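# Close look at the chain arrangement
Below are the chains, spelled out letter by letter.
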Amino acid sequence: MINYYKNKNVLITGGLGFIGSTIAHRMVDCGANVIIIDNLNPLYGGNLFNIKDIANKIEIIIDDVLHSNKLIDLLKKANIIFHLAAQVSYIDSLNIPEMDLDLNARSTLNILELLRRYNPKCRIIFSSSRMVYGKVEKPLVSEDCPTNPLSLYGIHKLTSEKYLLMYYKDFGIPTTVLRITNPYGPRQQIKHSKYSLVGWFIRLAMKGEVIKIYGDGKQLRDYIFINDIVNAMIRIAETSLSVGEVINIGSGTSTKFCDMVKSVVRIVGNGSIEFIPWPADYEKVETGDIRVDISKLKAITNWQPEYSLENGILKTFEYYKTNIKHYI
Ligand SMILES: NC(=O)c1ccc[n+]([C@@H]2O[C@H](COP(=O)([O-])OP(=O)(O)OC[C@H]3O[C@@H](n4cnc5c(N)ncnc54)[C@H](O)[C@@H]3O)[C@@H](O)[C@H]2O)c1
């Protein structure tokens, strides 16, 4: 299915951000007509530097996906939508409840309603999060595990998921929900610690700073490198087997948090580690050990992760060595 995307109109909401811009590069390589809508809100990860190599090959609309008067036209002509525009911090979501609702739930409903009216055959892929599971009962989490989100971010992502599944069931819109674990890699903003601790710690280590680990750092996480995520998303969008489905995207392996930090310090060759007690507001939303079951993803797409955590950290470090000034 190499040419599946050739000449297809691919709309990426939030396409100037970390995941969206990486998809945009791959879509250009596949010969798709790429359109990005992104409002470049400085609080989030949108960054024109992310698409500098493909800027003359794609259409970029700097606008708010919630209020753009171009949205109907964009949706009418789209064959595939990657709906990624979001506020991504689960910690921040507790301080900006209504904005989080708007970005992480209402924007999805708005797009689905417009698709129902104007373009019901359009394929839509939505980036949800492992955060919808909340505190898990057993570390290996499959898609049918209970969802008990601990943050408004998780609740609003779950709400979007339900809209997408309902619009598939009731109106036949080909939707897919992706529950992504802990992504990291080049093009991710590292202005603060709220998006990716891997990226943030690489930044701290590069500056020779102390990296603080809450508690004993033994909690398990499933870190996934951006190229592996995008490979999975591209395969998911081109198969009808994923329509109407919720699919986990993770690396399939889990790593102790403290081991991830040790790898960062070793690969960067700088920085140090200190263990400190959990701050109360973080402990409240701590999900415990997690490793997502990716057997559904593999069965549907034949996808396999290609990057170990060590390789991914090395690639990320190499990217920031040259480009860090654009991400801080
Ligand atoms: N980074 C993570 O840890 C993670 C984990 C799981 C799922 N996800 C999901 O993946 C998606 C992409 O995340 P990312 O890591 O690339 O984040 P990012 O911040 O790099 O990208 C999000 C993009 O959305 C844009 N955006 C925000 N509000 C907008 C609006 N109203 N109108 C138009 N554009 C708007 C931002 O400018 C930014 O470019 C999000 O839906 C996020 O919830 C991210």
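Structural data are supplied above this passage.
We now turn to the structure provided with this report.

So, about the overall build of the chain. For the chain, the count of helices and strands is 11 helices and 15 strands. Taking 328 residues into account, the globule formula puts the C-alpha radius of gyration at 20 Å, and the chain, at 19 Å, falls close to it. Along the longest, intermediate and shortest principal axes, the C-alpha atoms of the chain span 55 × 45 × 40 Å. Within the span of the chain, comprising 328 residues, buried residues form 56% of the whole. When the accessible area of the chain is evaluated, it comes to approximately 13,900 Å², of which 51% is carbon and sulfur surface. On the chain, the mean spot of the 39 positive side-chain charges and the mean spot of the 33 negative ones are 4 Å from each other.

Further remarks concern the site of the ligand. Taken together, 30 residues form the shell around the ligand, and within it Asp-38, Gly-45, Asp-64, Tyr-153 and Lys-157 come nearest. One nitrogen or oxygen atom from the side chain of Asp-38 is found 2.5 Å from an oxygen atom belonging to the ligand. Against a free-state accessible area of 820 Å², the protein chains account for coverage of 97% of the ligand. Of all the secondary structure elements, the ones that give two or more residues to the shell around the ligand are helix H1 (18–29), strand E5 (123–129) and helix H5 (152–171). Looking at the shell around the ligand residue by residue, the classes come out as 15 nonpolar, 11 polar and four charged.

Our next topic: the sheet that holds strand E7 (residues 175–180). Taken in spatial order, the seven strands line up as E3-E2-E1-E4-E5-E7-E12 in an open sheet, and their pairing is parallel. Looking at the sheet topology across the chains shown, the edges are occupied by strand E3 (59–62) and strand E12 (245–249). Each strand axis lies, on average, 20° off the axis of its neighbour in the sheet, ignoring direction. One ladder, built from four bridges, connects strand E1 (residues 9–13) with strand E4 (residues 80–83); its direction is parallel. What sits directly across from Thr-13, in E4, is His-83. Here helix H7 (residues 226–238) sits on the sheet and contacts E4, E5, E7 and E12; the angle it forms with E12, its principal contact strand, is near 160°.

For the rest of this paragraph, the subject is the packing of helix H4 (residues 97–118) against H5. Two elements in contact, H4 and H5, have axes whose closest approach is 8 Å; the angle formed by their N-to-C orientations is 10°. As far as their axial angle goes, H5 and H4 are roughly parallel. Facing H4, whose interface residues are Pro-97, Asp-100, Leu-101, Asn-104, Ala-105, Thr-108, Leu-109, Leu-112, Glu-113 and Arg-116, H5 presents Leu-152, Tyr-153, His-156, Lys-157, Thr-159, Ser-160, Tyr-163, Leu-164, Tyr-167 and Phe-171. Looking at side-chain class alone, the contact of H4 with H5 contains 11 nonpolar, five polar and four charged residues.

With 20 residues, H5 should cover 28 Å at 1.5 Å per step; its first-to-last C-alpha distance of 28 Å lies within 8% of that length. Among all positions in H5, only Tyr-153, Gly-154, His-156, Lys-157, Leu-158, Ser-160, Glu-161, Leu-164 and Tyr-167 are buried. Phi turns positive, to about 75°, at Gly-172, one or two residues after H5.

This part covers the pairing of strand E2 (residues 33–38). Most of E2 is tucked away, with five of its six residues classed as buried. Note: E1 against E2, five bridges, orientation parallel. Opposite Val-10, over in E2, you have Val-34 as the bridge partner. Remark: the E1/H1/E2 crossover connection has right-handed handedness. Here four bridges tie E2 to E3, and the two strands are oriented parallel to one another. Following the sheet pairing, Ile-36 is matched in E3 by Ile-60.

Moving on, we come to the nonpolar core. Ranked by internal contacts, the top residues of the largest apolar core, which has 66 residues, are Phe-82 and Ile-249. Once residues lying within four places of it in the same chain are set aside, the contact partners of Phe-82 are Val-10, Leu-11, Ile-12, Thr-13, Ile-23, Met-27, Ile-125, Met-233 and Ala-237. The next biggest cluster of nonpolar side chains, apart from the first, holds 23 residues, and it includes Leu-75, Ala-85, Ile-124 and Val-177.

How each quantity is defined
Residues numbered from 1 in each chain as written. Predicted model: local features only at pLDDT ≥ 70, side-chain atom pairs only at ≥ 80, totals over all residues. Heavy atoms only, no water. Helix = DSSP H or I, 4+ residues; strand = E, 2+ residues; numbered from the N terminus. Rg over C-alpha atoms; globule rule 2.2 N^0.38 Å. Buried < 20%, exposed > 50% of the residue type's maximum accessible area, 1.4 Å probe, protein only. Areas by Shrake-Rupley, 256 points an atom, 1.4 Å probe, with all protein chains shown as cover. Lys, Arg positive; Asp, Glu negative; His and termini not counted. Charge placed at Lys NZ, Arg CZ, Asp CG, Glu CD. Near = heavy atom within 4 Å. Polar contact = N/O pair within 3.5 Å; in protein donor to acceptor, adjacent residues only side chain to side chain. Nonpolar A, V, L, I, M, F, W, Y, C, P; charged D, E, K, R; others polar. Pairing = 2+ DSSP bridges. Axes fitted to C-alpha atoms, helices over the stretch in contact; angles between N-to-C directions. Contact = heavy atoms within 4.5 Å. Parallel < 35°, antiparallel > 145°, perpendicular 65-115°, else oblique. Expected span 1.5 Å × (residues − 1). Right-handed = clockwise from strand over helix to strand, strands pointing away. Core = buried A, V, L, I, M, F, W, Y, C linked by side-chain atoms within 4.5 Å.

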